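Chain residues, written in single-letter form:
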Amino acid sequence: MLNTRSFRQLMGCFATGITVVTLMNEDGKAAGITVNSLTSVSLTPPLVLFCLDKKAHIYPLFRNAKYFAVNILGADQEELSRHFADHRHYPAPKGIWGKPQTGCPILRHTLGWMICRKTMTYKGGDHDILLGEVVKLHKRAGHHSPLLYFHSRYHQIAK
């Protein structure tokens with residue numbers, strides 16, 4: 001039977017990487033939200049999209065944003081993911097912010113980050129689909145494992 005619960009359970013069978021999408025709030029402070037709906041759209045130009053719940057506490061900031069940063073989390077950054085997934089219940093980890101890029105806050109020690117210029121917002125049911133053109137990026141040197149989400153739990157790639 002198709003309902004919200006069965007749809008969520010089936011989508012839980014699809015492993016996703018974890019990102020934190022960040023921007024500055026009206027007061028110039030760093031803000032972000034955990035997102036596992038990041039998708040590469042195009043190589044030329046370089047485009048990515050993510051989906052944002054219209055009820056998310058941070059939704060108004062993204063509706064008005066010109067730029068945002070996508071921070072790709074590593075296997076050892078579950079605490080960051082939990083904080084940005086529900087900032088009211090998980091304390092902010094100390095020393096998480098690196099040097100801002102193009103006015104966007106960047107998280108330290110991630111697998112990499114992208115600065116995106118928001119190019120379009122589409123309606124998608126109870127979410128909006130935000131499309132961004134990558135204008136700057138950085139990949140962390142070395143070989144590091146990503147943080148994954150599967151069956152409503154965090155996972156790591158087995159070695």
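Below or above, wherever it landed, is the structure these notes cover. (Residues numbered from 1 in each chain as written. Predicted model: local features only at pLDDT ≥ 70, side-chain atom pairs only at ≥ 80, totals over all residues. Heavy atoms only, no water.)

Attention shifts here to the pairing of strand S8 (residues 127-139). Sheet topology places strand S5 (residues 47-53) next to S8; seven bridges connect them, and they run antiparallel. Residue pairing for S8: Leu-52 is matched across the bridge by Asp-128. With 12 bridges joining them, strand S7 (residues 112-124) and S8 adopt antiparallel strand pairing. Within S8, the position partnered with Tyr-122 by the bridge is Ile-129. (Pairing = 2+ DSSP bridges. Helix = DSSP H or I, 4+ residues; strand = E, 2+ residues; numbered from the N terminus.)

Here we take up the sheet that holds strand S10 (residues 153-155). Strand order across the open sheet formed by three strands is S1-S9-S10, with antiparallel pairing between neighbours. The sheet terminates laterally at strand S1 (16-17) and S10, the two strands that pair on one side only.

A separate point is a nonpolar patch on the surface. On the surface, a cluster of nonpolar side chains totalling about 500 Å² of accessible area is made up of Leu-2, Phe-7, Met-11 and Phe-14. You can call Met-11 partly exposed: its relative accessible area is 44%. (Patch = residues over 30% accessible without salt bridge, like charges linked within 9 Å, V, L, I, M, F, W, Y side chains within 5 Å. Areas by Shrake-Rupley, 256 points an atom, 1.4 Å probe, with all protein chains shown as cover. Salt bridge = Lys/Arg side-chain N within 4 Å of Asp/Glu carboxyl O. Buried < 20%, exposed > 50% of the residue type's maximum accessible area, 1.4 Å probe, protein only.)

Taken in spatial order, the seven strands of this open sheet run S3-S2-S6-S7-S8-S5-S4, and their pairing is antiparallel. With one partner strand each, in any of the chains shown, strand S3 (30-35) and strand S4 (39-42) form the two edges of the open sheet. Geometrically, the sheet is characterised by an average inter-axis angle of 35° between neighbouring strands, direction not taken into account. Inspection of the sheet shows strand S2 (residues 19-24) paired to S3 by six bridges, in the antiparallel sense. Along S3, the bridge assignment pairs Val-21 with Ile-33. On the sheet, helix H3 (residues 78-85) packs against S2 and S3 and is oriented at approximately 105° with respect to S3. (Axes fitted to C-alpha atoms, helices over the stretch in contact; angles between N-to-C directions. Contact = heavy atoms within 4.5 Å.)

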